[in-house]
Amino acid sequence: MIWNVEAETMAGRARERLQLERVQETLRWAVARVPFHRERLGAVTIGELADLARLPFVHKADLRDHYPFGLLAVPRGEVVRIHASSGTRGKPTVAAYTAGDLDVWREVMARALTAAGARRGDLLHIAFGYGLFTGGLGFHDGAERVGMTVVPVSSGNTTRHHLLLQDFQPDAIAATPSFALHLAETLAEHGGKPRELGLRLGLFGAEPWTDGIRTALERTFGLRAFDIYGLSEIVGPGVAGECETREGLHIADDHFLPEIVDPVSGASLPSGREGELVLTTLTKRAMPLIRYRTGDITTLTVEPCRCGRTSARMARIKGRSDDMLVVKGVNVYPSEVERTLLALDELAPHYQLVVDRGTTLARLEVQVEPGPALIARCGGFSPDHPEIAALRRRAADQLRQATGLSVELTIVAPRTIPRSEGKAVRVIERR
Ligand code: DLL
């Protein structure tokens, strides 16, 4: 089902016209109301969308520098909701919404949910955190707009999740992929069967996840898994989402205009080239952002999709530009390691990368857990068991072929890698 036929199937030319009008209006709005934008953009005007590439970027640091309310384009009293990112380094980044901004968020979330196959009346178990994080409330509001039955469980407390999942038998679950796997694993440990929950749909996002994790989730729960993307600075979840074809994520590009730039030089890249996603908000009033550097690495396509939607689509996120590891002069994203590891059936979808920068040349150790079938075959876990030792060599070999890096690979005992209740931490830095 297409939630908003007019907006989602708009012809290319009409879409571009609308985007141009909305960029121009956003520029006027931001320049007139926010000193930061006025100082940088002055009397700038743009005659066509391509002119956007001449404007300076906004970085996450700019948001921190104007913490908390320095980038507001409306009086504080007109802001009806505030969210914020977790802010691992220093102050959090703040996102502010007018009532109209929240309406747009509900609209784009409703599009993403229905594109994935969610329907009015479906019971949705929300296992994203509620609070300053946008996951819980973003899914919540969008799902209510669709007319779903919302169960706002939030993250944490796995026992409560098990109980509600078993008793309510939801149609759909929304969670980070890593927390969903954790829920399945702990349920099985308590004698439950994830497949018997009867879930039809998994709505996952908030962290990079490869098709290997998708397969693991689909097999474990017997559901179909869909990717939903977003970031709090722009709105939260709902910036983009997969439709049933799962050939990229449809960007709500009548509200958020995407570009791809070279992560190092900032030069604009044509569609089809991999680079950093840059977003310009087209309808936000409380905190418009022009050419915001998301840090997320992906590719854009503007080819119409088989589903009938005509928006630009982005490939699944490969990782954040600041997550890229440079080890012995080789660049590698954690997702590339994940893809290789999960191609091996005997390994479990639990891994982490330990980077040791204590030595002159950084060292990378990949730690991964064996799958339950292998452990059963070996009669328990022992790193020296011939099957486990052989698997270790094979996995290290495949990683070398895929990344060009000879990594130290350790198969660790089951349940050694910390499980996450929100976004998984894949990289541990030791200095
Ligand atoms: O993670 C919003 C969200 C919540 C999206 C629930 C989807 C589902 P932030 O905490 O601001 O917002 O983190 C945003 O998370 O820049 C990406 O690096 C990453 N991210 C979000 N969704 C995906 C995804 C929420 N589907 C940052 N795939 C973004 C890969 C994702 N990475």
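Just so it is clear, the model here is predicted, and its values are computed rather than measured.

The next thing to look at is the nonpolar core. Counting residues in hydrophobic clusters, the biggest one holds 58 residues, and the most contacted among them are Leu113, Phe139, Leu203, Tyr229, Ile234 and Met314. Ranked by residue count, the leading element in this core is helix α5 (residues 99-115), at 8 residues. Setting aside residues up to four positions removed in sequence, Tyr229 forms contacts with Gly236, Pro237, Gly238, Val239, Ala240, Leu249, Leu277, Thr294, Asp296, Met314 and Ile317. Core analysis: the second largest hydrophobic core is formed by 26 residues, Val337, Leu344, Val366 and Ile388 among them.

Outside of glycine, negative phi angles account for most residues, and trans bonds account for most peptide bonds. With an omega dihedral of -10°, the bond running from Tyr67 to Pro68 counts as a cis peptide bond. Assignment of secondary structure puts Pro68 in the loop between α4 (60-65) and β1 (81-84). Positive phi values are uncommon outside glycine, yet Arg246 reaches one of about 55°. Relative to the assigned elements, Arg246 resides in the loop between β8 (236-242) and β9 (249-251).

Often the size quoted for an interface is simply the accessible area lost on bringing the parts together. Partitioning the protein chain into structural domains gives domain 1 (1-318) and domain 2 (324-430). Taking the mean C-alpha position of each, domain 1 and domain 2 sit 30 Å from one another. Carbon and sulfur atoms make up 53% of the area that domain 1 and domain 2 hide from each other, which totals about 1600 Å². By the criterion of area lost to domain 2, the three top residues of domain 1 are Glu185, Thr210 and Lys318, representing 31% of everything that side buries. Where domain 1 meets domain 2, there are 4 salt bridges.

The subject of this paragraph is the packing of α5 against helix α6 (residues 134-146). Running from N to C, α5 and α6 cross one another at 75°; their axes reach a closest spacing of 8 Å. It follows from the interaxial angle that α5 and α6 lie roughly perpendicular. Residues Asp103, Trp105, Arg106, Glu107, Met109, Ala110, Leu113 and Thr114 of α5 form the contact with α6, whose own contacting residues are Thr134, Gly138, Phe139, Asp141, Gly142, Ala143, Arg145 and Val146. A class-by-class count of the residues in the contact of α5 with α6 yields 7 nonpolar, 4 polar and 5 charged.

Read from one edge of the open sheet, 4 strands run β21-β20-β19-β22, paired in mixed fashion. The outermost strands of the open sheet, each flanked by one partner alone, are β21 (408-411) and β22 (427-430). Adjacent strand axes in the sheet meet at a mean angle of 25°, parallel and antiparallel pairs treated alike. Sheet analysis places strand β19 (residues 347-356) next to β22, joined by 4 bridges and oriented parallel. For Val355, the partnering residue across the bridge sits in β22 and is Glu429. Set on the sheet, helix α12 (residues 386-403) makes contact with β19, β20 (363-370) and β21; between it and β21 the angle comes to about 145°.

With that settled, consider the pattern of salt bridges. All told, the structure shown has 34 salt bridges when counted by the stated rule. The partner of Glu107 in a salt bridge is Arg111, with the nearest N and O atoms 2.7 Å apart. Of this pair, Glu107 and Arg111 both sit in helix α5, separated by 4 residues, roughly a single helical turn. In terms of burial, Glu107 and Arg111 fall into one category: buried. The partner of Glu189 in a salt bridge is Arg415, and the shortest N-O contact between them spans 2.7 Å.

Cut-offs and rules
Residues numbered from 1 in each chain as written. Predicted model: local features only at pLDDT ≥ 70, side-chain atom pairs only at ≥ 80, totals over all residues. Heavy atoms only, no water. Core = buried A, V, L, I, M, F, W, Y, C linked by side-chain atoms within 4.5 Å. Buried < 20%, exposed > 50% of the residue type's maximum accessible area, 1.4 Å probe, protein only. Helix = DSSP H or I, 4+ residues; strand = E, 2+ residues; numbered from the N terminus. Contact = heavy atoms within 4.5 Å. Domains from an automatic or database assignment. Buried area = accessible area lost by both parts, 1.4 Å probe. Salt bridge = Lys/Arg side-chain N within 4 Å of Asp/Glu carboxyl O. Axes fitted to C-alpha atoms, helices over the stretch in contact; angles between N-to-C directions. Parallel < 35°, antiparallel > 145°, perpendicular 65-115°, else oblique. Nonpolar A, V, L, I, M, F, W, Y, C, P; charged D, E, K, R; others polar. Pairing = 2+ DSSP bridges.

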